[in-house]
Amino acid sequence: MAGSNNHKNTEAGSIKSAFGAANRARLINAYFAQQSEENITPDQAWAHVYRLLLWVDQTTGLGHCYESDKSQPGKRWYARSLAFHDWLSTALGVAPDELAKQIDWLFLQAAEDLAANVIRQAANVTAKAETQRKPYQGRGFPRPGEDPELVTIVRETLGRYLGSEPPPEVWDKLVQRVRQYLALENKRKNLVGEGFEDVLAQVLQRTCRRDDMEVFTRRALHELQGFNRMRAGDKPNKVDVSVIRPSMRTLVTAKWSVRADREKQFVTDFTDYVNAESDRKPFEYIFVTNEFDPARLMRACEQLVGNALMFKHVVHISTDAIKATYGLSGEGKDEAASMQRVLKHIDEGRLISLEQWLAGLKSE
DNA sequence: TGTTGAGGAAATGTGATAAC
DNA sequence: GTTATCACATTTCCTCAACA
């Protein structure tokens, strides 16, 4: 935990970067503080990750397990999203229409902090903007936030229900609120990236509880025990999550989901790790993900370097969720085959659940 | 010593096109 | 007609140098 740059972020009510590392750490701590001790175990790890990070797709209302555009009604992943939603709400013990409120905790909290920050600074900002606009006063410059098209849409839709014409400031305010509402969803990306690493690190530490185990996030490779500095001038290679024990060094790449161009990065990162290794002892490379696409999972499980498998394990937040989501479907021929292969990897212990990985670390 | 702004890095999402 | 790939969009936070 030490080493994070807290600045003035710790005072409650004055959060500078709502989505930044310091506030994320604060929120994750707050989340676990309200959990009962007996709930913080490997078998509940998936639930903590999903409660903290998983969200509901705004367009379908269902738990997000695949890209939104492919999960629309009528498309192949809509059926699977329904199955996933069913599994998840059952597993968490909530009604399907209540799920949205039970998950996405980290984002909802951070968004609240962000909104509070905007309000706190609003007066300041408008005052500043006034002085900036002063030299152009009276020349009919566009007002900030002005959006005639959006106003037209609202006006035409409401039509005769609109009692009287609202003043321009009210239109501006409406436009601003709509903008903010739509923009909010885009900010999630920032949380799913580094936030996933933070949550994993906390889950690791809190469920394993070993004195001889250290967990780091985004630490430079050469600062980890037994890895050399790279050539001077090269930019340092940061490891998403690392688990250091006397018996083994585990380097983790954590990606909530995978995209083809990012798959290549796994191999180049691994090559860097191998080249930097200086203790002459083996280390593990592990991939933790919440990806549901069968082809992508299959490739990760089967990726070779030289003639050996690259990842010691591929870890999924919940292999039960995968099984439930795939169900009996599989429309394309290739896709059905990929699914079968992923299920086989689960049976054979190549693709394991977060619970299995944590239990292994704990009892080892 | 503290603040500010520019540029960089990193993340996922999306649309177009190529390949099968 | 589907899948893979590419290129780019969008957003935020971080770092570092310049400045008051």
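One can find the structure itself at the top, above this paragraph.
Attention here is on the structure that accompanies the text. Since we're looking at a predicted model, the values are computed, not measured.

Brief notes about the overall build of chain A
The helix and strand tally for chain A stands at 13 helices and eight strands. With respect to the principal axes defined by its C-alpha atoms, chain A has extents near 75 × 50 × 40 Å. The buried share of chain A, taken over its 364 residues, is 42%. By sequence separation, contacts in chain A at least 24 residues apart represent 69% of the contacts at least 6 residues apart. Where the 50 positive side-chain charges of chain A centre and where its 49 negative ones centre are 4 Å apart.

Notes on the state of the cysteines
Summed over the entire model, instances satisfying the criterion amount to zero disulfides. Of all cysteine sulfurs in the structure, the one in Cys-301 sits closest to Cys-65, which takes part in no disulfide; the separation is 18 Å. Relative accessible area serves as the criterion here: at 1%, Cys-301 is assigned to the buried category.

Considering the pattern of salt bridges
In the structure shown here, the tally under the stated rule is 20 salt bridges. With its nearest N and O atoms 2.7 Å apart, the salt bridge here joins Arg-341 to Glu-302. Here Arg-341, found in helix H12 (residues 333–347), pairs with Glu-302, found in helix H10 (residues 294–302); they are 39 residues apart in sequence, far enough to count as distant. Relative accessible area serves as the criterion here: at 27%, Glu-302 is assigned to the partly exposed category. Across the pair Glu-348 and Lys-344 runs a salt bridge, and its minimum N-O distance is 3.6 Å. Several salt bridges converge on common partners, so that one network encompasses Arg-24, Glu-194, Glu-197, Asp-198 and Arg-218.

Concerning the sheet that holds strand E4 (residues 283–289)
Reading across the sheet, the six strands line up as E1-E2-E3-E4-E7-E8 and stay open at both edges, with mixed pairing between neighbours. Each having just a single partner strand, strand E1 (214–220) and strand E8 (351–353) make up the two edges of the open sheet. Recorded for the sheet is a direction-independent mean angle of 30° between the axes of neighbouring strands. Sheet topology places strand E7 (residues 313–316) next to E8; three bridges connect them, and they run parallel. Looking across to E8, one finds that Val-314 is bridged to Leu-351.

Brief notes about helix H3 (residues 76–92)
With 17 residues, H3 extends 25 Å between its outermost C-alpha atoms, agreeing within 8% with the 24 Å of an ideal straight helix rising 1.5 Å per residue. Turning to H3, its buried residues are Trp-77, Arg-80, Ser-81, Phe-84, His-85, Trp-87, Leu-88, Ser-89 and Leu-92. Directly after H3, the chain includes Gly-93, whose backbone phi takes a positive value near 70°.

Focus on helix H7 (residues 168–184)
Compared with the 24 Å implied by 1.5 Å per residue over 17 residues, the 24 Å span of H7 between its first and last C-alpha is a close match. Check the buried side of H7 and you find it contacts helix H6 (148–158).

Describing the pairing of strand E2 (residues 238–244)
Of all seven residues making up E2, six are buried, and the element is well covered by its neighbours. As paired strands, E1 and E2 are joined by six bridges and run antiparallel to one another. Its bridge partner being in E2, Thr-217 is matched across the sheet by Val-241. Bridging between E2 and strand E3 (residues 249–255) involves four bridges; their strand directions are antiparallel.

Re the side chain of Ser-338
Within the secondary structure, Ser-338 is located in helix H12. Beyond its immediate sequence surroundings of up to four residues, Ser-338 is in contact with Pro-294, Ala-295 and Met-298.

The rules we used
- Residues numbered from 1 in each chain as written.
- Chains lettered and ligands numbered in written order.
- Predicted model: local features only at pLDDT ≥ 70, side-chain atom pairs only at ≥ 80, totals over all residues.
- Heavy atoms only, no water.
- Helix = DSSP H or I, 4+ residues; strand = E, 2+ residues; numbered from the N terminus.
- Buried < 20%, exposed > 50% of the residue type's maximum accessible area, 1.4 Å probe, protein only.
- Contact = heavy atoms within 4.5 Å.
- Lys, Arg positive; Asp, Glu negative; His and termini not counted.
- Charge placed at Lys NZ, Arg CZ, Asp CG, Glu CD.
- Disulfide = S-S within 2.5 Å.
- Salt bridge = Lys/Arg side-chain N within 4 Å of Asp/Glu carboxyl O.
- Pairing = 2+ DSSP bridges.
- Axes fitted to C-alpha atoms, helices over the stretch in contact; angles between N-to-C directions.
- Expected span 1.5 Å × (residues − 1).

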